[in-house]
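Reading the structure
Listed below are the residues making up each chain.
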Amino acid sequence: MKEYDIIIIGSGIGGLTAATLLSRKGYKTLVVESRTRIGGRFSTFEHEGFHLPTGAILIPDGWVIKLLEEMGIDTNILRPITRVFYRINGERYEIPAEMGVPKALDIIDQLEKEDAEKGRPTKPVQLRKIMRGYYKKMRGIKQEGIITVRDWLLQYTENENIHDAFDTLCAGLMMAHSWELPVSKFFQFQEMSKFFIVPNGNLSIAKELANIVEKNGAVWTNCPARKIVIKNGEVTGVIVEKAGEQTEINCKAVISNTGVKRTLILAGRENFNDDYLTEMRLKLRPSPCVLALVASDKPLCLEGINDGLEIIMGSQRMNTIIPISNICPELVPPGQHLFYTSAKHDSSLHPMDVKYEIQQLKRDIEEFYPDFEKYGRILKFRACGIINEWPEGRTWLGYGMPLETPIPNLFNVGDSCVAPGLIGTPGSVESGYRVADIVEKIL
Ligand SMILES: Cc1cc2nc3c(=O)[nH]c(=O)nc-3n(C[C@H](O)[C@H](O)[C@H](O)COP(=O)(O)OP(=O)(O)OC[C@H]3O[C@@H](n4cnc5c(N)ncnc54)[C@H](O)[C@@H]3O)c2cc1C
């Protein structure tokens, strides 16, 4: 085929969302993927018999589930995570997910009071004032002159544990630290209270979505797009490399899932006006990621809990622990155990010292899990700085670029274009729904 209605460059979850929606509506759709495997940061690879995620591990309830249900993909197989444990001052507390922040602050308040009674130096928590401010903001009341989450919180308290709790939330879920993220963006966040893991890996879902596209189109792997062809201000096609040969494929519209910056390179910077380039500079704030996948011969964490995760407060780096093999034993070889830990990175603004960050995370693992040395091993470390092409998010919460570009039939999709309040896979899928709507209208 040399002609399609739509070409989608990249088979990440955002690209596949747009592709399935448009293909099901009858548009001839081609997805080209440069890698040998589909799914991008929503995929699975094999390593020493373990099935490991390329990126996303937790699927929040909401947009992704909606997509799967609409596409007739069985969501009953997904394993829910409904229990959330917080490790505060070395003790584990179970907190219902929907009560996360207020309840965690309440526990910190109690612990500080106990410390004060024992005559230890503490800083006032001011829980009531924080909560009043928190709910006021949640209801959308503006507070002028306050910039970052940390600045907002400093109105009420200097207590380090409270600041650490907010920072853990920001760095863990919103792609930036509390001293980097504006409080207005923080309060747009659409809270997530239930998560799922795919028992046979995200790649299995990506493949099901690709099968749907293939009913009215094609998905080509190992086929990088080399150039988006623009004539008289409009896209006319894409030059794709297939089996070492470059071919021009014509189309009526292109949706790029490669990230806004790469779209610019593929289409030629000269085709984008100054306003768009300025918006890119102001908005695009990639978020680094540091994580470890830890294998062991015996369970090292959350033993016996097969529907929960743990959030760590007060560590150097470690902030979320997911006991993958407790939840989905089919992802690991028999007799083996696996947990995933993500880390709070040093900064979402300046480049990362990868070696140092990995050292810090390793120190935390050794400290929190004394049995690690005897029974465990690091299967994979992943550390991607903000200049890497595989960030945790292509931009922070609330910093999504528009889907439209100055070229009328060229669009972006994926997590550089997240809607306010969304992030990660739900953000990418939602952008896929929006772009499919727009493209349908212009076609
Ligand atoms: C370590 C890590 C952990 C994460 N954890 C979570 C989590 O637990 N929950 C959650 O919801 N989100 C998580 N995320 C974020 C989530 O994975 C991403 O937001 C989401 O998967 C991004 O999807 P996307 O649509 O932007 O496409 P991407 O995944 O960025 O895919 C883009 C695709 O385009 C392809 N491509 C690029 N250039 C070309 C070209 N020239 N030609 C053809 N193809 C091209 C790439 O190979 C890639 O496959 C995590 C991310 C990382 C990295």
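On a predicted model such as this, the values are computed, not experimentally measured, just so you know.

Re the overall build of the chain
- The number of helices and strands found in the chain is 14 helices and 19 strands.
- Over its C-alpha trace the chain gives a radius of gyration of 23 Å, about what one expects of a compact globule, namely 22 Å for 443 residues.
- Expressed along its principal axes, the backbone C-alpha trace of the chain runs to roughly 75 × 55 × 40 Å.
- Taken over 443 residues, the chain has a buried fraction of 58%.
- Relative to all contacts within the chain whose residues are 6 or more apart in sequence, the contacts with residues 24 or more apart total 69%.
- When the accessible area of the chain is evaluated, it comes to approximately 19300 Å², of which 47% is carbon and sulfur surface.
- Charged side chains of the chain number 53 positive and 56 negative; the gap between the two group centres comes to 2 Å.

Let's talk about the packing of helix H9 (residues 260-267) against helix H10 (residues 274-283)
- It is at 11 Å that the axes of H9 and H10 come closest, and there the two elements cross at 150°. Relative to H10, the element H9 is oriented roughly antiparallel. Where H9 crosses over H10, the handedness of that crossing is left-handed. Across the interface between the two elements, Val260, Lys261 and Leu264 of H9 pack against Tyr276, Leu277 and Met280 of H10.
- In terms of residue class, the contact of H9 with H10 is built from 5 nonpolar, no polar and 1 charged.

So, the side chain of Ser287
- Its location among the elements puts Ser287 in the loop between H10 and strand E14 (289-296).
- Ser287 sits in the buried class, given a relative accessible area of 0%.
- Of the polar contacts made by the side chain of Ser287, one reaches the backbone oxygen of Met175; its length is 3.1 Å.

Overview of the domain arrangement of the chain
- In terms of domain boundaries, the chain breaks down into domain 1 (3-51 + 200-285 + 396-442), domain 2 (98-186) and domain 3 (287-384).
- Inter-centroid distance (C-alpha atoms) of domain 1 to domain 2 is 38 Å.
- Between domain 1 and domain 2, the buried area comes to about 640 Å², and carbon and sulfur atoms account for 71% of it.
- Taken together, domain 1 and domain 2 are joined by 0 salt bridges.
- Among the residues making up the side of domain 1 that touches domain 2, the classes are represented as 4 nonpolar, 1 polar and no charged.

Observations regarding the site of the ligand
- In the vicinity of the ligand there are 34 residues, among which Glu33, Arg41, Leu58, Asp415 and Thr425 approach most closely.
- A distance of 3.2 Å is found between an oxygen atom of the ligand and a backbone nitrogen or oxygen belonging to Ile57.
- Contact distances for the ligand include 3.3 Å between a nitrogen atom and a side-chain N or O atom of Arg262.
- Calculation on the ligand without its partners gives an accessible area of 1000 Å², and the protein chains cover 95% of this total.

Here's the deal with a positive patch on the surface
- Together, Arg128, Lys129, Arg132 and Lys136 make up a region of like positive charge exposed at the surface.
- Its place among the elements puts Arg128 in helix H4 (residues 127-138).
- Using a relative accessible area of 69% as the deciding quantity, one classes Arg128 as exposed.

Comments concerning the sheet that holds strand E5 (residues 59-60)
- Pairing in this open sheet of 3 strands is antiparallel, and the strands run E5-E9-E6 from one edge to the other. At either end of the open sheet lies a strand with only one pairing partner, and these are E5 and strand E6 (79-81).
- Pairing geometry for E5 and strand E9 (residues 195-197), over 2 bridges, is antiparallel. Within the sheet, the bridge partner assigned to Pro60 lies in E9 and is Phe195.

Some remarks on the pairing of strand E15 (residues 308-312)
- With 5 of its 5 residues buried, E15 lies for the most part within the structure.
- Along E15, one buried face is formed by Gly308, Glu310 and Ile312 and the opposite face, lined by Leu309 and Ile311, is buried too.
- Inspection of the sheet shows strand E7 (residues 83-88) paired to E15 by 5 bridges, in the parallel sense. Of the residues in E15, the one forming a bridge with Arg87 is Ile312.
- Hairpin geometry of E15 and strand E16 (residues 318-322) is characterised by an intervening segment of 5 residues between the two adjacent antiparallel strands and by a positive phi of about 85° at Gly314.

Regarding the pattern of salt bridges
- In total, this model carries 21 salt bridges according to the counting rule given.
- A salt bridge links Glu94 to Arg83; its shortest N-O distance comes to 2.8 Å. Note that Glu94 is positioned in strand E8 (residues 91-94) and Arg83 in strand E7, a separation of 11 residues in sequence.
- Since its relative accessible area comes to 42%, Glu94 is described here as partly exposed.
- Here Glu279 and Lys283 are joined by a salt bridge, their closest N and O atoms 2.8 Å apart. Of this pair, Glu279 and Lys283 both sit in helix H10, 4 residues apart, roughly one helical turn.
- Looking at Glu279, the relative accessible area reads 25%, which means it is partly exposed.

Cut-offs applied
- Residues numbered from 1 in each chain as written.
- Predicted model: local features only at pLDDT ≥ 70, side-chain atom pairs only at ≥ 80, totals over all residues.
- Heavy atoms only, no water.
- Helix = DSSP H or I, 4+ residues; strand = E, 2+ residues; numbered from the N terminus.
- Rg over C-alpha atoms; globule rule 2.2 N^0.38 Å.
- Buried < 20%, exposed > 50% of the residue type's maximum accessible area, 1.4 Å probe, protein only.
- Contact = heavy atoms within 4.5 Å.
- Areas by Shrake-Rupley, 256 points an atom, 1.4 Å probe, with all protein chains shown as cover.
- Lys, Arg positive; Asp, Glu negative; His and termini not counted.
- Charge placed at Lys NZ, Arg CZ, Asp CG, Glu CD.
- Axes fitted to C-alpha atoms, helices over the stretch in contact; angles between N-to-C directions.
- Parallel < 35°, antiparallel > 145°, perpendicular 65-115°, else oblique.
- Left-handed = near helix turned anticlockwise from the far one by under 90°.
- Nonpolar A, V, L, I, M, F, W, Y, C, P; charged D, E, K, R; others polar.
- Polar contact = N/O pair within 3.5 Å; in protein donor to acceptor, adjacent residues only side chain to side chain.
- Domains from an automatic or database assignment.
- Buried area = accessible area lost by both parts, 1.4 Å probe.
- Salt bridge = Lys/Arg side-chain N within 4 Å of Asp/Glu carboxyl O.
- Near = heavy atom within 4 Å.
- Patch = residues over 30% accessible without salt bridge, like charges linked within 9 Å, V, L, I, M, F, W, Y side chains within 5 Å.
- Pairing = 2+ DSSP bridges.

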